[in-house]
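Residue-level structural notes
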Amino acid sequence: MTDIREFIRAASGHGAKASLAVRGGRLVNVVSEEIYKADIAILGDRIIAVGDIADHIGSETEIVDASGKYLCPGMIDGHLHVECSKLSITSFAKAVVPLGTTSIVTGLDQIIVVGGPAAAREFLDEARQTPLKVFWGAPCKTPYTMPRSTVGHYFGPQDHLATHHWPECVGIWETVREFIQEEDADVLKAIEIAEASRLPLLGCCPMTRGARLDAYQQARVRADHESYTPEEMLEKLRAGMHVVVRESSISHFLSDNLRIVTEMGVKALRRISFCTDDVVASDILARGHLDNMVRMAIAMGISPMAAIQMATINGADALRIDDKVGSISPGRAADILLVNDLRDFKIEAVIAKGALAARDGRMAVDLAPPPRSEALLHSIKLEPVKPEEIVVPITGAGDSADVLAIAVTPEKIFVRTRRDVTLPVRDGRVQADIGQDVQYITVVERYGKTRNRPVAFTSGFGLKAGAMASSTAPDDNNIICIGTNPEDMAVAINHLIANQGGQVVVRDGKVLEFLHLPIGGIVADIEPQAMAEKELRLDDAVRSLGCDLPWPFMYMFVLQITAIPDYAITDLGVVDCVNLKVISPMIQATGNDIGAAA
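The name given to the chain in an unreviewed UniProt entry is Adenine deaminase, and the organism recorded there is Labrys neptuniae. Taken directly from UniProt, the Sequence similarities (unreviewed entry) text for the chain runs: "Belongs to the metallo-dependent hydrolases superfamily. Adenine deaminase family."

Below is the structure:
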């Protein structure tokens with residue numbers, strides 16, 4: 001139902017009766033900060049009345065008995081790379097809607113780098129057939145890497161001009177600080193177009209303070225989700241931003257960031273909202289989604305009302321979509337949660353888009369994914385690789401070389417540091433050394449535009465044998481592979497090529513575990529429980545190779561992100577993320593001439 005006149009007439013009592021009514025509950029009004037008894041009348045996917053709705057009940061009105069329940073707005077994930085869940089939109093809806101998430105805000109940037117705006121349009125059209133609302137932020141540009149890596153589609157100013165009118169478009173997504181700092185022409189043009197379109201800028205400025213924050217805010221970024229400390233978050237709040245607390249599967253910032261409220265005395269709670277950024281099925285099913293964040297905030301001493309606001313109206317305000325979602329109000333989307341206890345915050349039932357969507361943690365409707373385009377099912381355009389290509393050559397006659405290894409640790413979360421290490425040289429090639437926890441790492445360009453496949457070294461994964469590889473790897477989704485030997489790495493990469501994408505673990509030339517991701521090489525139509533089980537088996541397989549990181553594949557696939565210091569690797573090679581340039585992994589060679597990565 002799209003004609004506003006029908007809603008006006010129905011709300012005034014002179015038109016259609018409610019299609020659904022929720023009666024007997026206590027309304028959690030996140031706008032006025034009150035809790036009181038109120039009934040809700042719904043027509044189609046919209047709330048037409050709140051309070052006394054007797055005049056809106058007809059003979060065909062479906063009644064939901066909410067006696068003894070609290071009625072909360074559907075929750076909004078304010079920043080989410082939904083594709084990083086490896087679940088399709090339909091599958092992701094099955095995972096989070098029963099937990100009370102009825103809206104997400106995403107850039108669909110990961111599928112855009114594969115298939116461009118047409119691929120994003122496929123996903124947005126798919127979302128319309130689910131109970132989950134998908135609001136879209138047009139990426140400031142793709143890829144976000146600096147220097148620019150190779151992708152299937154470079155989203156730029158012409159794409160902004162062509163998509164800002166899309167009804168799902170709510171802003172400019174991931175306005176990366178380095179793009180502002182370097183005065184990137186495409187991003188500055190996108191900002192100009194956004195201003196004409198009256199769309200807000202949504203930020204990405206990790207570890208940005210002082211003069212760098214002042215310079216960044218000349219772009220007038222409205223909200224940011226990348227605060228690594230409460231002090232950084234407070235500074236951004238003082239600089240006029242809406243601050244978005246992130247609790248992802250790999251980055252656990254909520255407890256620390258919310259110290260600005262519990263310990264640092266911040267009273268402006270309405271400027272704080274929630275997001276998950278990157279989550280996987282096994283974590284969602286174990287801990288929850290935004291419902292988990294609400295419970296965590298309440299456990300820290302934040303009131304249930306304030307915690308629920310952070311998951312609902314605050315995010316809607318930050319994104320300027322509070323006229324559509326975020327509260328149980330006339331004219332807003334009919335997204336309503338039935339909750340027994342606000343402190344426990346377990347979702348008993350979910351009404352989304354005006355219909356009962358889930359009850360007792362399970363979907364109440366059947367969802368079937370749409371047919372997939374051939375372009376997305378055949379997105380990897382790459383010939384098989386050979387083991388002899390996965391080498392770091394060096395000239396000269398020496399027997400060792402000093403190299404830079406990209407180091408990861410569980411404690412530093414995303415931040416990749418430099419580890420200088422001396423490695424053996426054999427037959428003119430620098431060797432990985434499991435005794436020093438140094439493995440090979442390569443990124444293989446998979447769009448058929450180049451033959452880029454640099455090889456370098458990484459540390460912290462603990463692999464003693466075998467290899468692991470993934471074709472889902474933000475921000476460019478080229479194939480990334482870590483291994484102890486070129487032979488297993490070639491088997492892993494070639495298995496992904498042959499199957500058009502996925503994640504794989506290999507040992508002694510044999511595939512131990514494989515997750516098929518055929519849609520763009522990054523997501524699958526798979527039930528959340530099946531995905532969770534597969535994720536756990538993949539992680540167990542990697543641990544059998546010696547890795548003890550909590551989320552091995554997530555720690556690997558974020559190594560292509562150049563917006564986070566200090567080092568990354570893309571299909572161009574090792575990237576110094578501070579100076580924004582490609583560097584050699586070689587420091588110096590003992591008795592050799594300095595070589596370059598293959």
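From this point, things continue past the structure.
What follows concerns helix H6 (residues 185-197). Helical periodicity: at 3.6 residues per turn, an α-helix aligns residues three or four positions apart in one direction. Spanning 13 residues, H6 covers 18 Å between terminal C-alpha atoms, matching the ideal 18 Å at 1.5 Å per step. Listed in full, the buried residues belonging to H6 are Val 187, Ala 190, Ile 191, Ile 193 and Ala 194. Along the axis of H6, the buried positions cluster into a sector of 165°, meaning they face one direction only. Exposed and facing more than 90 degrees away from the buried side of H6 are Ala 185, Glu 195 and Ala 196. The N-capping residue of H6, defined by a side-chain oxygen 3.0 Å from the backbone nitrogen of Asp 186, is Asp 184.

Turning our eyes to something else, we now look at the pairing of strand S27 (residues 502-507). Counting buried positions over the 6 residues of S27 gives 5, a clear majority of the element. Inspection of the sheet shows strand S25 (residues 467-470) paired to S27 by 4 bridges, in the antiparallel sense. By the bridge assignment for S27, Ala 467 is matched with Val 506. Where S27 and strand S28 (residues 510-516) come together, 6 bridges link them in antiparallel fashion. In the strand pairing of S28, Val 506 is matched with Val 511. Hairpin connection of S27 to S28: 2 residues between the antiparallel strands, including Asp 508 at a positive phi of 55°.

Per the UniProt annotation, the sites labelled "domain: Adenine deaminase C-terminal" (unreviewed entry) are residues 417-579. Helix makes up 21% of residues 417-579 and strand makes up 33%, while its end C-alpha atoms are separated by 14 Å.

In this structure the tally under the stated criterion is 4 aromatic pairs. When the ring of Trp 136 is compared with that of Phe 155, the centres are 6.3 Å apart and the planes differ by 80°; the resulting orientation is edge-to-face. Remark: Phe 155 occurs in the loop between strand S10 (133-139) and helix H4 (157-163) and Trp 136 occurs in strand S10; sequence separation between them is 19 residues. You can call Trp 136 buried: its relative accessible area is 0%. In this structure Phe 155 comes out as buried when scored by relative accessible area, which is 1%.

The next point concerns the UniProt feature "domain: Amidohydrolase-related" (unreviewed entry) in the chain. In this numbering, the UniProt entry assigns the feature "domain: Amidohydrolase-related" (unreviewed entry) to residues 70-354. Along residues 70-354, the helical share is 38% and the strand share 19%, with 17 Å between the first and last C-alpha atoms.

One recurring pattern in soluble globular proteins: nonpolar side chains tend to sit buried together. The biggest cluster of nonpolar side chains holds 158 residues, and the ones touching the most others in it are Phe 92, Leu 258 and Phe 274. Beyond its immediate stretch of four places on either side in the chain, Phe 92 contacts Leu 80, Val 82, Ser 85, Leu 87, Ile 104, Leu 132, Val 279, Ile 284 and His 289. One finds Ile 390, Tyr 440, Phe 457 and Phe 514 within the second-largest nonpolar core, a separate group that totals 33 residues.

A word on helix H3 (residues 109-127). Taking 1.5 Å per residue as the helical rise, H3 with its 19 residues ought to reach 27 Å, whereas the 16 Å between its terminal C-alpha atoms falls clearly short. In H3, a bend of some 130° at Gly 115 exceeds every other bend along the element, and Pro 117, a proline, comes one to four places later. Most of H3 sits inside the fold, with 15 of its 19 residues counted as buried.

In this section: the packing of helix H12 (residues 290-299) against helix H13 (residues 304-311). Here H12 crosses H13 at 145°, and the two axes come no closer than 9 Å. Crossing of H12 against H13: the hand is right-handed. Together, Val 294, Ala 297 and Ile 298 of H12 and Pro 304, Ala 307, Ile 308 and Ala 311 of H13 make up the contact between the two elements. Split into classes, the residues belonging to the contact of H12 with H13 amount to 7 nonpolar, no polar and no charged.

What counts, and where the lines are drawn
Residues numbered from 1 in each chain as written. Predicted model: local features only at pLDDT ≥ 70, side-chain atom pairs only at ≥ 80, totals over all residues. Heavy atoms only, no water. UniProt positions renumbered as here; feature names shortened; annotations may be inferred. Helix = DSSP H or I, 4+ residues; strand = E, 2+ residues; numbered from the N terminus. Expected span 1.5 Å × (residues − 1). Buried < 20%, exposed > 50% of the residue type's maximum accessible area, 1.4 Å probe, protein only. Arc of directions from axis to C-beta. Polar contact = N/O pair within 3.5 Å; in protein donor to acceptor, adjacent residues only side chain to side chain. Pairing = 2+ DSSP bridges. Phe/Tyr/Trp six-rings, centres within 6.5 Å; stacked < 30°, edge-to-face > 60°. Core = buried A, V, L, I, M, F, W, Y, C linked by side-chain atoms within 4.5 Å. Contact = heavy atoms within 4.5 Å. Bend = angle between axes of the 7 residues up to and from the residue. Axes fitted to C-alpha atoms, helices over the stretch in contact; angles between N-to-C directions. Left-handed = near helix turned anticlockwise from the far one by under 90°. Nonpolar A, V, L, I, M, F, W, Y, C, P; charged D, E, K, R; others polar.

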